[in-house]
Amino acid sequence: MALSPMMQQYLRIHDQYADCLLLFRLGDFYELFFEDAKTASRELELTLTGKDCGLEERAPMCGVPYHSVNTYIEKLISKGYKVAICEQMEDPALAKGLVERDVVRVITAGTVTDPTMLEDKANNYLMCIFLDGKKTGIAYTDVSTGEFYVMEPEMNLLRAQIARVNPMEVICNDPPQLTAITGDHVRGLSGQPQTWFQRRNAEEMLCDHFHLTQLTSLGLTDRKEAACAAGALLRYLHETQKNSLEHIRTLRFAENGKTMLLDQNTRRNLELTESLRGDRRKGTLLGLLDKTSTAMGGRLLRSWVEQPLLDQKEINQRLDAVAELVSDRILGMTLSEELEGVYDLERLMNKVAYRNVNARDCLALCASLKRIPGLRKLLENASCSELVRIREELNPLEDMTDLLERAIHPDAPVVITEGGIIREGYSAILDEYREAQTNGKQWILDLEAKEREDTGIRNLRIQYNKVFGYYIEVTKSFLHLVPERYIRKQTLTNAERYMTPELKEVEQKIIGAQEQSVRLELQLFTEIRDSIAERIGSIQQTAFAVKKLDAYQSLSRIASENHYVRPVMTEDGSLSITEGRHPVVEQNMKDGEFIPNDTVLDCDENRMMIITGPNMAGKSTYMRQVALICLMAQIGSFVPAKEACLPVCDRIFTRVGASDDLASGQSTFMVEMSETAHILRNATRNSLIILDEIGRGTSTFDGLSIAWAVVEYIADKERIGAKTLFATHYHELSELEGHLEGVKNFCISVKEHGEDVIFLRKIVRGGADKSFGVHVARLAGVPHPVIVRAHEIQARLEVSDINQNTIGQNILGEESVLRKNEQMDLFEYKKDEIIQELQQIDVMAITPMDAMNTLFLLREKARKL
Ligand SMILES: Nc1ncnc2c1ncn2[C@@H]1O[C@H](COP(=O)(O)OP(=O)(O)OP(=O)(O)O)[C@@H](O)[C@H]1O
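Cut-offs used in this document
- Residues numbered from 1 in each chain as written.
- Predicted model: local features only at pLDDT ≥ 70, side-chain atom pairs only at ≥ 80, totals over all residues.
- Heavy atoms only, no water.
- Pairing = 2+ DSSP bridges.
- Helix = DSSP H or I, 4+ residues; strand = E, 2+ residues; numbered from the N terminus.
- Near = heavy atom within 4 Å.
- Polar contact = N/O pair within 3.5 Å; in protein donor to acceptor, adjacent residues only side chain to side chain.
- Areas by Shrake-Rupley, 256 points an atom, 1.4 Å probe, with all protein chains shown as cover.
- Nonpolar A, V, L, I, M, F, W, Y, C, P; charged D, E, K, R; others polar.
- Buried < 20%, exposed > 50% of the residue type's maximum accessible area, 1.4 Å probe, protein only.
- Contact = heavy atoms within 4.5 Å.
- Axes fitted to C-alpha atoms, helices over the stretch in contact; angles between N-to-C directions.
- Phe/Tyr/Trp six-rings, centres within 6.5 Å; stacked < 30°, edge-to-face > 60°.
- pLDDT = per-residue confidence, 0-100.
- Left-handed = near helix turned anticlockwise from the far one by under 90°.
- Expected span 1.5 Å × (residues − 1).
- Patch = residues over 30% accessible without salt bridge, like charges linked within 9 Å, V, L, I, M, F, W, Y side chains within 5 Å.
- Salt bridge = Lys/Arg side-chain N within 4 Å of Asp/Glu carboxyl O.
- Lys, Arg positive; Asp, Glu negative; His and termini not counted.
- Charge placed at Lys NZ, Arg CZ, Asp CG, Glu CD.
- Right-handed = clockwise from strand over helix to strand, strands pointing away.

A few words now on the sheet that holds strand E12 (residues 252-253). Taken in spatial order, the six strands of this open sheet run E11-E10-E7-E8-E9-E12, and their pairing is mixed. The sheet is open, and its two edges are formed by strand E11 (189-191) and E12, each paired on a single side. Bridge count between strand E7 (residues 126-132) and strand E10 (residues 169-172): four bridges; the pairing is parallel. Bridging across to E10, Met127 finds its partner in Val170.

Rendered as structure tokens:
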């Protein structure tokens, strides 16, 4: 037995797209066969059937109707599959033999362009990583908008760069190596042929795509790794998208060191674009700052939040633009309203490049472009460089709007193949055809009247349907009057339908005109589409200006509404915030309820704040507020404070609490230590470090020793000397002030009131003298007996000799309820275990870490004391 020809065709095509699920078009369905069918039926809950394929056993099969295929594709993509769409390349009715079929597009998580599968205000990046020994090149693109970037990051920053871009899909020449380097799971990772990454092939691809003879104008001549990655990325796009991708027109350098790298923990801890509870908008900095009117502006603002600037001049340019709009609120508001009318031009250009636009899209383009002169006018008196540049870049493309206005009917339908798209007066020939159709109606009416007259059949009617075309209908009662020349076509219960040669002639004229006009409309529309395609570059430039303007108006609106101030960027690394507030926390409070606090840090005397204070006092809020204020300034935003002088931080690091979302299976302590190691290895004196509790995941002595050692290491100017806020429950750390240069003690004040604690939320100089943890436990509703017992233990602890290891016994006392072997080993440290644990930590990270040596020394000291 042999496979049927169609199945042979299927398998041949499937072989070329082995890593995809192949959706094979059969009439009104897309079918999947064999293993693909089993997978799809499982993932999409489709019934698995079978199809005769020429072999003894039927081929497993399942299918989805073509008109709802997008929903299914979306599901498959979100589950991590790649989908290849195989279409019929000829009309099955006209095909001689087997219908020709081929894959027209491969859809993957990183190449999705369907708006229903994309988030409006977020980019969808596909990244290509080229690993070449010690060097690496990265290229990434958002196919839906045409943005394309390259860079050559340092190997040790590769992981951070991936986190920064947050791609939906990653392709690489060496996936195992990549996983080894980044040390964790890379989303949507797949390997691609080595040849794509070879320099010559990559360069050829680049030259081809950008219509160049050499790479000089792209600035890639001496950036071999970036060029290889970019070439391979384009190759992948061409292989999967199977179109010219003419909306990808330029290549930008995402320079090392141009924007701040924020690691995953810091993004999460500061709740930049996602809250700790996993919310996408509520409770995040982006959610607060985003008052953009357009999807493009929303995407840009997100990328600003994710990539704060490092160049003081650029920061000030953005701040100038925000300041100018803050000073003229009416202008800001009017801009926001005008911008509402601008559609997502970037994603529209993707549709243009894919030849997917319909008449409605053209109307949207036209409406958007018509807003441009208004926007330009509003910026007439703009004076700062950014706004002036935006004004210059806003190109109203009048010839385009003129063309679209003349050509596209305001009520044009979505479908482009059934006419009704082109406006009257645009094409003389089209108008003639249309007239023939209108006249045709009159011809029919005339003919009808004439036939009635000739035959004497009073209710004779000429009608039309899709199957028979035009016909004469005569009811039963008049059949005796029907003349011989009538040719019968159809008999109904009450009537007969006829044809005459004359009617046939009229019909051909009318239907001919109809067909011709639909065909002509499609042709005209295609021409219009092509002329839009020719202007993609200019439209993208305008889109770029629009989105910047939108981001600025959003920042200015937030600044005015929330009474933010313009930060002054300092040169000497000093930081001084007067009456700073936490931008997101204050939003959830009534006016005046949030207590502002000051912060002063510099590169010398006040490098590090050791912050103590009871639970719930507001330590985390305070520290995050400082980090957020710095970050906002570097985005170009005003900040929630009365006054702020801020340095440009090269990195902001945070390590917060013993994070509880430990799905990864690592021990709390392990995670804590590798995060700490990461900071110690990467921070510089120009960084800002926020450390919220270190060493909680282990016993008291170990925890204290580690925290102590870490403080020493960071405070040391020779090693790091970064500006640091360090919150801790280890009051012992207060002793460091006076011994370690640059370290100062602070606490968040509380007042005891009888049994209660009153939180004052004010940061003051000095260490806290008491922990109040038990008080807070009571506030949180911990049962009374537990609280009483805790007070008891506290009292005993205060008289224990901490160094004799007698604490446990003291607590147990005579009336003990715990048996000795059940007591918490919190008070005993097991040397070997801890050392073992430490030795395993982030093997790459730990080797150079003197901090840990210090830690062991310290611990020995503590023991001997
Ligand atoms: N400056 C402030 N003004 C008003 N309310 C504040 C302020 N700072 C913090 N709060 C409120 O106090 C609560 C506790 O704050 P936070 O989590 O920062 O305390 P913490 O000292 O870090 O506590 P823990 O040590 O238990 O983690 C928060 O819910 C917050 O709403």
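With that settled, the discussion passes to the site of the ligand. The environment of the ligand is made up of 14 residues, and the closest members are Ile595, Met616, Lys619, Ser620 and Thr621. Here an oxygen atom of the ligand and a backbone polar atom of Gly618 are 3.0 Å apart. Between Lys619 and the ligand, the recorded distance is 2.9 Å, taken from a backbone N or O atom to an oxygen atom. Protein coverage of the free-state accessible area of the ligand, which is 640 Å², stands at 75%. A breakdown of the residues in the shell around the ligand according to their chemical character gives six nonpolar, five polar and three charged.

So, about unusual backbone geometry. Working note: non-glycine residues mostly have negative phi, and peptide bonds are mostly trans. For Leu397, which is not a glycine, the phi torsion comes out positive at approximately 45°. Note that Leu397 resides in the loop between helix H17 (385-393) and helix H18 (398-407). We classify Leu397 as buried; its relative accessible area is 2%. One non-glycine residue, Glu579, lies in positive phi territory at about 50°. Structurally, Glu579 can be placed in strand E18 (residues 575-580). The class for Glu579 is partly exposed, based on a relative accessible area of 34%.

This next bit is on the environment of Thr417. Among the structural elements, Thr417 can be located in the loop between H18 and helix H19 (428-455). Its relative accessible area of 47% is what places Thr417 among the partly exposed residues. Along the primary structure Thr417 and Gln523 are separated by 106 residues, whereas in three dimensions their C-alpha atoms are 9.8 Å apart. Other than its neighbours up to four places away in sequence, Thr417 contacts Val518 and Leu522.

A few words now on the sheet that holds strand E24 (residues 723-727). With mixed pairing, six strands are arranged side by side in an open sheet as E22-E23-E24-E20-E25-E26. Each edge of the sheet is formed by a strand with only one pairing partner; in this case those strands are strand E22 (652-656) and strand E26 (756-765). Between one strand axis and the next, the sheet turns through 15° on average, direction left out of account. Relative to strand E25 (residues 743-753), strand E20 (residues 608-612) runs parallel, the two sharing five bridges. Directly across from Met608, in E25, lies its bridge partner Val743. Relative to E22, helix H24 (residues 668-682) is tilted by about 160°, and along the sheet it contacts E22 and strand E23 (688-692).

Our next topic: the side chain of Asn562. Along the chain, the position of Asn562 falls in the loop between helix H21 (536-561) and strand E17 (568-569). The class for Asn562 is buried, based on a relative accessible area of 14%. Here Gln587 takes part through its side chain, which lies 3.2 Å from a polar atom of the side chain of Asn562. Residue contacts for Asn562: discarding those within four places in its chain leaves Leu288, Arg581, Glu586 and Gln587.

To continue, consider the packing of aromatic side chains. In the structure shown here, the tally under the stated rule is 12 aromatic pairs. Seen in terms of ring centroids, Tyr10 and Phe34 are 6.2 Å apart; in terms of plane orientation they differ by 40°. Their pairing is tilted. Pair noted here: Tyr10 is in helix H1 (residues 5-16) and Phe34 is in helix H2 (residues 34-44), with a separation of 24 residues, a long-range link. Residue Phe34 is classed as partly exposed on the basis of its relative accessible area of 24%. Between Tyr486 and Tyr498 the ring centres are 5.5 Å apart and the planes differ by 50°, which places this aromatic pair in the tilted class.

Let us look at the confidence of the model for the chain. Should pLDDT be low for a region, the predicted coordinates there are not to be read in detail. On average, the chain scores 86 in pLDDT, and the residues at 70 or more come to 87%. When the criterion is pLDDT under 50, residues 659-663 qualifies, and its contacts beyond four places in sequence or with other chains add up to five contacts.

Okay, the packing of H17 against H21 next. Two measures define how a pair of helices packs: the angle their axes make with one another and the distance between the axes. It is at 8 Å that the axes of H17 and H21 come closest, and there the two elements cross at 145°. Considering only the axes of H17 and H21, their crossing is left-handed. Along its contact with H17, which presents Glu386, Leu387, Ile390 and Glu393, the element H21 presents Gln541, Thr542, Phe544, Ala545, Lys548, Leu549 and Tyr552. Partitioning the contact of H17 with H21 into residue classes produces six nonpolar, two polar and three charged.

What follows is about the side chain of Glu169. Relative to the helices and strands, Glu169 is located in strand E10. Residue class for Glu169 comes out buried when judged on its relative accessible area of 3%. Engagement of the side chain of Glu169 in a polar contact is seen with the side chain of Thr108, the distance being 2.4 Å. Of the polar contacts made by the side chain of Glu169, one reaches the backbone nitrogen of Gly110; its length is 2.8 Å.

What follows covers helix H23 (residues 619-635). The end-to-end C-alpha separation of H23 is 24 Å, in line with the 24 Å expected for 17 residues at 1.5 Å each. Counted residue by residue, H23 has 15 buried out of 17 residues, so it is predominantly covered. Positive backbone phi, approximately 110°, marks Gly636, located one or two places after H23.

Our focus in this paragraph is the pairing of strand E13 (residues 461-465). The pairing of E13 with strand E14 (residues 469-475) spans five bridges and is classified as antiparallel. If you follow Tyr464 over to E14, its bridge partner there is Tyr470. Linking E13 to E14, which pair antiparallel, is a turn of three residues.

This paragraph deals with helix H15 (residues 359-369). Among the 11 residues that make up H15, eight are buried, leaving the element largely enclosed by the rest of the structure. Of all the residues in H15, the buried ones are Ala359, Asp361, Cys362, Ala364, Leu365, Cys366, Ser368 and Leu369. Of the residues flanking the start of H15, the one acting as N-cap is Asn358, its side-chain oxygen 3.0 Å from the backbone nitrogen of Arg360.

Moving on, we come to a negative patch on the surface. Taken together, the side chains of Glu90, Asp91, Glu100 and Asp102 present a region of like negative charge at the surface. Position of Asp91 among the secondary structure elements: in the loop between strand E5 (83-88) and strand E6 (101-107). Classification of Asp91 as partly exposed rests on a relative accessible area of 42%.

Tallied over the entire structure, the rule returns 47 salt bridges. For Glu35, the salt bridge goes to Lys38, with nearest N and O atoms at 3.2 Å. Of this pair, Glu35 and Lys38 are both found in helix H2, three residues apart, which corresponds to roughly one turn of the helix. Judged by relative accessible area, Glu35 falls into the exposed class, the value being 52%. Linking Glu392 and Arg391 is a salt bridge whose minimum nitrogen-to-oxygen distance equals 3.8 Å. Within this structure, Glu147, Arg299, Asp344, Glu346 and Lys547 form a network of salt bridges that share partners.

Glancing now at the pairing of E10. As a general feature of sheets, a regular strand has side chains that alternate between the two faces. Across the two faces of E10 the burial is the same, with Glu169 and Ile171 and Val170 and Cys172 all buried. Judged from the three bridges that link them, E10 and E11 form a sheet pairing that is parallel. When the bridges of E11 are listed, Ile171 appears paired with Ser190. For the handedness criterion, the β-α-β arrangement of E10, helix H5 (residues 175-182) and E11 is classed as right-handed.

On to the environment of Cys86, then. As for its placement among the helices and strands, Cys86 is situated in strand E5. A C-alpha to C-alpha distance of 7.6 Å links Cys86 and Arg105, two positions 19 residues apart in sequence. If sequence neighbours within four positions are ignored, Cys86 has contacts with Ile13, Leu22, Leu23, Phe24, Arg25, Tyr30, Arg101, Asp102 and Val103.

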